[in-house]
Amino acid sequence: MTDGARIPEHGSDAKELLALIEQRHAEDIDWRGGKAFSLVYNVDDHEHEELIEQVALRYIHDNALNPFKYPSVLQMELDVISMACQLLGTEPNAGSMSSGGTESIFLAVQVARGIAEPQPLTPSTAHPAFAKAAKYLDLEHILIPVGPDGRADVAATEAAITERTGLIVGSAPCYPYGVIDDIPALAGLALERDILFHTDACLGGWILPWWERLGEEVPPWDFRVPGVTSISADIHKYGYTFKGASTVLYKSRDLLSHQFFWYDDWPGGLYASGTAAGTRSAAPIAGAWAAINHLGEDGYLRLTEIVRDTTRRMQAGIEGIDGLEITHAPDLSLFEIGSSTLDIGAVGDVMDDRGWNLDRQQGGLHLMLSPYHARIADQFLADLADGAATTEASRGREASYGGLAT
Ligand SMILES: *Cc1c(COP(=O)(O)O)cnc(C)c1O
């Protein structure tokens, strides 16, 4: 027996419940102040936030399970897919929206599963969603180590290919180090053998195109690269909408069709569904549509410039602190801070004590930047310098990400 919550015999007053929620919510991570570096992407634009909140309210009750009952939702979803396809360079209707990066990745692995019984081959830095998809789909997942620069080891990948390899994966960029794998080489291996290749651009998909247009060097990763057959790209990250919006895109509409589920052996009638979910909230679709249309190309470029400049400032500041280093030179706005001389855990403890929320990785502290961080960069660097100067020993918090509600 547990003494967990029970359904109350009598309902509570709405105002009282809201007050209770407000009080509890205040205990959660304070991302608005710029002290969070993952989980939330603070766009630092009040009008934008208010817009997507209003849109969410309008669509909170609607169900995107049957788009034909919601022509306005269907149109927004088609628009978002078309805009994403244009951004990443594939046919205008060769993709779908999903609830997040994990679902997008699951769907892409499932497409490979539908064609063969493949062993997915991923770098060790690839997101755990691939391991999760392999577990759910009962596939043997092969992990390839990465080189000293944090990128997938192409030779090791080639050596690991067998006749059962059905899908090769690279990240643009990977979460732990922010580096982009050598997608042309990896996708080339897949192309030569006529197998599928997925670029995981959950993080980079909605920012790298703008980063490139700002004149930055971006290693090739999208559908311009021969051999890339699918890409996951989350709008709820650098697309700046609220959670529940990702895209998974394919080289062709034909490949996408392998993702669909049709079932006509049910007294309820023909059941068709494009993604893993049945009932789907319409709010993230409408929110993504509004976010993209509100920002537009000039908005994304403006925000990307802020993120880029903040990244440069942070990198220079961190490299200037005695004992600290960025472990792998990143291709984007996220990286790991490590040290070969200091107890990096102790540095993290000082940052914790000052209210910063840096994720602990196996090799150091993780930082991912959003537009709002331009406002806190100086304070952050000052606190980090204090952290690096600490003489305390680490309290021993372990590397972790995510968690279970148990
Ligand atoms: C966030 C992320 C994912 C998973 O996306 P969720 O939206 O958290 O499910 C996959 N790959 C990379 C590189 C990511 O950063």
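Just so we're clear, the structure is a prediction, and the values are computed from it rather than from any experiment. (Residues numbered from 1 in each chain as written. Predicted model: local features only at pLDDT ≥ 70, side-chain atom pairs only at ≥ 80, totals over all residues. Heavy atoms only, no water.)

Novice: Help me understand the overall build of the protein chain in this model?
Specialist: For the protein chain, the helix and strand inventory stands at twelve helices and 13 strands. Relative to the globule expectation of 22 Å for 406 residues, the C-alpha radius of gyration of the protein chain, 22 Å, shows essentially globular dimensions. Oriented by its inertia axes, the alpha-carbon framework of the protein chain measures out at about 70 × 65 × 55 Å. Across the 406 residues in the protein chain, those meeting the buried criterion constitute 50%. Across the protein chain, the fraction of contacts at a sequence separation of at least 24, relative to all contacts at a separation of at least 6, is 72%. Here the protein chain has roughly 19,800 Å² of accessible surface; of this, 53% comes from carbon and sulfur atoms. (Helix = DSSP H or I, 4+ residues; strand = E, 2+ residues; numbered from the N terminus. Rg over C-alpha atoms; globule rule 2.2 N^0.38 Å. Buried < 20%, exposed > 50% of the residue type's maximum accessible area, 1.4 Å probe, protein only. Contact = heavy atoms within 4.5 Å. Areas by Shrake-Rupley, 256 points an atom, 1.4 Å probe, with all protein chains shown as cover.)

Novice: I'm lost on the side chain of Thr125 in this one. Help?
Specialist: Tracing the backbone shows Thr125 in the loop between strand S2 (119-123) and helix H5 (128-136). We classify Thr125 as buried; its relative accessible area is 7%. Excluding residues within four positions of it along the chain, Thr125 makes contact with Val146, Gly150, Cys174, Pro176 and Tyr177.

Novice: Sorry, what's going on with the sheet that holds strand S13 (residues 365-368) here?
Specialist: The pairing of strands in a sheet comes from backbone hydrogen bonds and takes either a parallel or an antiparallel form. If you walk across this open sheet you meet the four strands as S10-S11-S13-S12, and the pairing is antiparallel. The open sheet has two edge strands, strand S10 (325-326) and strand S12 (359-360), and neither has a second partner. Where strand S11 (residues 334-338) lies against S13, four bridges are found, and the strand directions are antiparallel. Of the residues in S13, the one forming a bridge with Ile337 is Leu365. (Pairing = 2+ DSSP bridges.)

Novice: Where do I start with the site of the ligand in this structure?
Specialist: Taken together, 13 residues form the shell around the ligand, and within it Gly101, Thr102, Asp200, His236 and Lys237 come nearest. Gly101 places a main-chain nitrogen or oxygen 2.9 Å from an oxygen atom of the ligand. Within the contact set of the ligand, a nitrogen atom lies 2.6 Å away from a side-chain nitrogen or oxygen of Asp200. For the ligand, the protein covers 84% of the area, taking 380 Å² as the surface of the free molecule. Counting residues per element, the shell around the ligand draws most heavily on helix H4 (residues 101-115), which supplies three residues. (Near = heavy atom within 4 Å. Polar contact = N/O pair within 3.5 Å; in protein donor to acceptor, adjacent residues only side chain to side chain.)

Novice: Would you take a moment to explain the packing of aromatic side chains for this structure?
Specialist: Aromatic rings in a pair are described by how distant their centres are and how their planes are angled relative to each other. Scanning the entire structure with this criterion turns up twelve aromatic pairs. Their ring planes at 70° and their centres at 6.5 Å tell us that Phe261 and Tyr271 sit as a pair that is edge-to-face. You can see Phe261 sitting in strand S8 (residues 261-263) and its partner Tyr271 sitting in strand S9 (residues 271-273), a full ten residues away along the chain. Classification of Tyr271 as partly exposed rests on a relative accessible area of 25%. Joined through ring pairs, the aromatic side chains of Tyr41, Trp206, Trp210, Tyr238, Tyr240 and Tyr300 make up one cluster. Taking NZ or CZ as reference, Lys35 lies 4.8 Å from the ring centre of Trp356, over its face. (Phe/Tyr/Trp six-rings, centres within 6.5 Å; stacked < 30°, edge-to-face > 60°. Lys NZ or Arg CZ within 6 Å of the ring centre and 35° of its normal.)

Novice: How do you make sense of the sheet that holds strand S7 (residues 246-250) when you look at a structure like this?
Specialist: Read across the sheet, seven strands follow the order S1-S7-S6-S5-S4-S2-S3 without closing on themselves; strand pairing throughout is mixed. Of all strands in the sheet, those bounded by a partner on one side alone are strand S1 (95-98) and strand S3 (142-144). Put simply, the sheet's adjacent strands are angled 20° from each other on average, direction ignored. With four bridges joining them, S1 and S7 adopt antiparallel strand pairing. Bridged to Ser96 within S7 is Val248. The strands touched by helix H3 (residues 71-88) within the sheet are S1, strand S6 (230-234) and S7, with S1 carrying the most contacts at an inclination of about 120°. (Axes fitted to C-alpha atoms, helices over the stretch in contact; angles between N-to-C directions.)

Novice: So what exactly am I meant to see when it comes to the environment of Leu203 here?
Specialist: Here Leu203 lies in the loop between strand S5 (196-200) and helix H8 (208-213). Leu203 sits in the buried class, given a relative accessible area of 5%. Sequence spacing of Leu203 and Ser232 is 29 residues, and the spatial spacing of their C-alpha atoms is 8.8 Å. If sequence neighbours within four positions are ignored, Leu203 has contacts with Tyr41, Pro173, Tyr175, Lys237, Tyr238, Leu334 and Met368.

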